[in-house]
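# Tertiary structure, described
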Amino acid sequence: VVSSIIAECIHFQSNGNDNKKFKGDRPPCSPSRVLHLRKIPSDVTEAEVISLGLPFGKVTNLLMLKGKSQAFLEMASEEAAVTMVNYYTPVTPHLRSQPVFIQYSNHRELKTDNLPNQARAQAALQAVGAAQSGSLALPGAPPNEGTVLPGQSPVLRIIIENLFYPVTLDVLHQIFSKFGTVLKIITFTKNNQFQALLQYADPLNAHYAKMALDGQNIYNACCTLRIDFSKLTSLNVKYNNDKSRDFTRLDLPTGDGQPSLEPPMAAAFGAPGIISSPYAGAAGFAPAIGFPQATGLSVPAGLGPGALGPLAITSSAVTGRMAIPGAGGMPGNSVLLVTNLNPDLITPHGLFILFGVYGDVHRVKIMFNKKENALVQMADANQAQLAMNHLSGQRLYGKVLRATLSKHQAVQLPREGQEDQGLTKDFSNSPLHRFKKPGSKNFQNIFPPSATLHLSNIPPSVTVDDLKNLFTEAGCSVKAFKFFQKDRKMALIQLESVEEAIQALIELHNHDLGENHHLRVSFSKSTI
């Protein structure tokens, strides 16, 4: 066995470095659970070589031939070896930043019992086996969090909260690949939330990824990862496209853009919707951070194979703004504490209208004894986060508004007969909610406060001067005005400042223009 292994190595050495050449010289071997690895760096460890096979199944043996920069890796099954070769054929693996080449060996198994220098390889295999079976704690893990439970799934269920920039399948692959080889990803929308199922072949990789990434933001202050283990142990991907991908099967059709799920899978998380694509014209909106140095997510050092420090997202990942998920019964706190308000001018209705730009406001309470503070209860935690990100730090009635998550889980209505001065209001049944309707276009038109307002629902009889006068009478200085060419029911109006626009929105949203038309006011991404 040893002499034939050496002969197999010598064959490749004699064929030099030209990868294309030996492919022609020697017919490719038929699949085998023994894999031949070439061009391995001389300083690489046994554990690093084993880590290449680990995502695809159990590694049962290893033979390192460092003098020849080669190695043989034996997988527990031929199926695992085939998956590994299929994966690494288009995606060349790297060890210590050097490309490594993998193909099937002529050998059906590795017999290394009588070979010298095998102690280190066997020790590495035993250590990996212990970690896989869950008896080895992960380095740096808190008690009871560092062990992989028997039967734990290699499939993660990922929910992205506060989805303010688009998160694509490729972005997820880039992030999660730092913790091991990602085999399959399916993305879908459920309860107005962007979600994904992501399969590693090894539960250990899934465990590392969950420990390091759960609760992290992909981009600054938004796109928060919530990660759990899925009940599924395997994903069945039918199409390779921007919604689903099987990285071990490059031969799959693109389909119609919808991942097709097997019945048991569909039952596990409900029928998948398809996330709406970023709409045209949105690419001009710059993200809150500079790319590619996405500082929102830094991967803790030493957490598993391939955890290589801060995540770098390429600029192509941020091409537009995504439809924001709406009310989906989000866990977490949906109540905001709003402070530094102008007590002489603020009203519950004013806060309802302003915060209602970013979600459906259910209740508002201005504090009886401290009227510069208020509680605003949104429909869910996602909307609360969105409103907080957009409105905290904005000027309103001469003061800089501050919004943070409250420790209260709900806003209590005053008891009957309790003195309240009308400071607590319940808006849960208001007809003015913008996001009640699932899939509403309003989800796609959420923008930060700006000096330019988007006006809609304008009746035909209302003129430019009528609208300019309306805003001037509300104390605004109108800088520019423009009706939409294709649809005169809509217009843009540019005011002196963002603060002026915020106050105009509060005052004039739902203003009665006659003919049974109430003016709708939103912040615009455009300028005139």
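What you see is a predicted model; the values in this text were computed from it and never measured.

### Focus on the nonpolar core
Judged by nonpolar contacts, the single largest core of 117 residues is most densely connected at Leu37, Val49, Ile160, Phe176, Phe355, Leu453 and Phe471. Beyond its immediate stretch of four places on either side in the chain, Leu453 contacts Phe471, Ala491, Leu492, Ile493, Leu495, Ala501, Ala504, Leu505, Val521, Ser522, Phe523 and Ser524. Judged by nonpolar contacts, the second largest core, of eight residues, contains Leu232, Leu235, Val237 and Leu252.

### Some points on the sheet that holds strand 20 (residues 452-456)
By definition, the strands of a sheet pair up through backbone hydrogen bonds, in either a parallel or an antiparallel sense. Taken in spatial order, the four strands of this open sheet run 21-22-20-25, and their pairing is antiparallel. The open sheet has two free edges, formed respectively by strand 21 (478-483) and strand 25 (520-523), since each of these has just one partner strand. On average, adjacent strands in this sheet sit at an angle of 25° to one another, irrespective of strand direction. Note: strand 20 against strand 25, four bridges, orientation antiparallel. Note on strand 25: the bridge partner recorded for Leu455 is Val521. Docked against the sheet, helix 11 (residues 464-473) engages strand 20, strand 21 and strand 22 (491-495), running at close to 145° with respect to strand 21.

### Quick notes on the layout of surface pockets
By volume, the second largest pocket amounts to about 820 Å³. Contributing to the lining of the second largest pocket are 33 residues, with Asn445, His454, Ser456, Phe484 and Met490 lying nearest its centre. Elements with a contribution of two residues or more to the lining of the second largest pocket: strand 20, strand 21 and strand 25. The dominant element in the lining of the second largest pocket, judged by the number of residues it contributes, is strand 25, at four residues. Its residues placed into classes, the lining of the second largest pocket shows 13 nonpolar, 15 polar and five charged.

### A few points about the packing of helix 9 (residues 348-355) against helix 12 (residues 498-508)
The contact between helix 9 and helix 12 brings their axes to 9 Å, and the two run at 110°. Here helix 9 is positioned roughly perpendicular relative to helix 12, judged by the angle of their axes. For helix 9 against helix 12, the interelement crossing comes out right-handed. Taken together, the residues of helix 12 that come into contact with helix 9 (itself represented by Gly350, Ile353 and Leu354) are Ile502, Leu505 and Ile506. In terms of residue class, the contact of helix 9 with helix 12 is built from five nonpolar, one polar and no charged.

### As for the pattern of salt bridges
The final tally for this structure, using the stated rule, is nine salt bridges. The salt bridge partner of Glu74 is Arg33, with a shortest N-O separation of 3.5 Å. Of the two residues, Glu74 sits in strand 3 (residues 70-75) while Arg33 sits in the loop between helix 2 (19-25) and strand 1 (34-38), which places them 41 residues apart along the sequence. Residue class for Arg33 comes out partly exposed when judged on its relative accessible area of 23%.

### With respect to empty space enclosed by the protein
In the structure shown here, the tally under the stated rule is two cavities of 30 Å³ or more. Taken together, Phe352, Ile353, Gly356, Leu432, Arg434 and His509 make up the full set of residues lining the largest cavity. For the lining of the largest cavity, a count of residues per class yields three nonpolar, two polar and one charged.

### Observations concerning the packing of aromatic side chains
Tallied over the entire structure, the rule returns two aromatic pairs. Arranged with centres 4.1 Å apart and planes meeting at 5°, the rings of Phe352 and Phe427 form a pair that is stacked. With a gap of 75 residues between them, Phe352 in helix 9 and Phe427 in the loop between strand 19 (424-426) and strand 20 connect regions that are remote in the sequence. Across this residue pair, the class does not change: Phe352 and Phe427 are buried. Aromatic pair Phe481 and Phe483: ring centres 5.2 Å apart, planes at 85°, arrangement edge-to-face. Overall, Phe481 belongs to the buried group, its relative accessible area being 14%.

### Here we look at the side chain of Ser153
Here Ser153 shows up in the loop between helix 5 (119-133) and strand 7 (155-161). By relative accessible area, which is 6% here, Ser153 ends up buried. A polar contact of 2.8 Å, which involves the side chain of Ser153, links it to the backbone nitrogen of Val155. From its side chain, Ser153 meets the backbone oxygen of Leu232 in a polar contact 2.5 Å long. Not counting residues up to four positions away in its chain, the partners in contact with Ser153 are Pro203, Ala206, Phe229, Ser230, Leu232 and Thr233.

### Quick notes on the environment of Lys184
Looking at the secondary structure, you find Lys184 in strand 8 (residues 182-190). Classification of Lys184 as buried rests on a relative accessible area of 14%. Spatially, the C-alpha atom of Lys184 lies 9.1 Å from that of His173, the residues being eleven residues apart in sequence. What Lys184 contacts, discounting residues up to four positions off in sequence, is Leu197, Leu198, Gln199, Ser234, Leu235, Val237, Arg245, Asp246 and Phe247. From its side chain, Lys184 meets the backbone oxygen of Leu235 in a polar contact 2.8 Å long.

### Section: helix 4 (residues 78-88)
Burial in helix 4 covers these residues: Ala80, Ala81, Met84, Val85, Tyr87 and Tyr88. The buried residues of helix 4 occupy an angular sector of 160° when projected down its axis, which confines them to one face. If you follow the buried residues of helix 4, they end up packed against strand 1, helix 3 (46-53), strand 3, strand 6 (101-104), helix 6 (169-176) and strand 8.

### Observations regarding helix 9
For helix 9, the tally of buried residues reaches seven of eight residues, placing the bulk of the element in the interior. Within helix 9 the residues assigned to the buried category are Pro348, Gly350, Leu351, Phe352, Ile353, Leu354 and Phe355.

### Details of the pairing of strand 20
In terms of burial, strand 20 is a largely internal element, five of the five residues being buried. Taking every second residue as pointing to the same face, both faces of strand 20 are buried, with Thr452, His454 and Ser456 on one and Leu453 and Leu455 on the other. Looking at chain direction, strand 20 and strand 22 are connected through four bridges and run antiparallel. Considered in strand 22, the bridge of Thr452 is made with Gln494.

### Considering the pairing of strand 9 (residues 193-200)
Two faces, one strand: in a regular strand the side chains alternate between the faces of the sheet. Most of strand 9 sits out of view: eight of its eight residues are buried. Along strand 9, one buried face is formed by Gln193, Gln195, Leu197 and Gln199 and the opposite face, lined by Phe194, Ala196, Leu198 and Tyr200, is buried too. Bridge count between strand 7 and strand 9: six bridges; the pairing is antiparallel. Among the inter-strand pairings, Ile160 is bridged to a residue of strand 9, identified as Phe194. Here strand 8 pairs with strand 9 via eight bridges, running antiparallel. Opposite Val182, over in strand 9, you have Tyr200 as the bridge partner. Counting the residues that bridge the hairpin from strand 8 to strand 9 gives two residues, and of these Asn191 lies at a positive phi of roughly 55°.

Cut-offs used in this document
- Residues numbered from 1 in each chain as written.
- Predicted model: local features only at pLDDT ≥ 70, side-chain atom pairs only at ≥ 80, totals over all residues.
- Heavy atoms only, no water.
- Core = buried A, V, L, I, M, F, W, Y, C linked by side-chain atoms within 4.5 Å.
- Buried < 20%, exposed > 50% of the residue type's maximum accessible area, 1.4 Å probe, protein only.
- Contact = heavy atoms within 4.5 Å.
- Pairing = 2+ DSSP bridges.
- Helix = DSSP H or I, 4+ residues; strand = E, 2+ residues; numbered from the N terminus.
- Axes fitted to C-alpha atoms, helices over the stretch in contact; angles between N-to-C directions.
- 1 Å grid on protein atoms, 1.4 Å probe; cavity = no way out; pocket = protein on both sides within 12 Å on 5 of 7 lines; lining within 4 Å.
- Points joined across faces, edges and corners; volume = space filled by probe spheres on them.
- Nonpolar A, V, L, I, M, F, W, Y, C, P; charged D, E, K, R; others polar.
- Parallel < 35°, antiparallel > 145°, perpendicular 65-115°, else oblique.
- Left-handed = near helix turned anticlockwise from the far one by under 90°.
- Salt bridge = Lys/Arg side-chain N within 4 Å of Asp/Glu carboxyl O.
- Phe/Tyr/Trp six-rings, centres within 6.5 Å; stacked < 30°, edge-to-face > 60°.
- Polar contact = N/O pair within 3.5 Å; in protein donor to acceptor, adjacent residues only side chain to side chain.
- Arc of directions from axis to C-beta.

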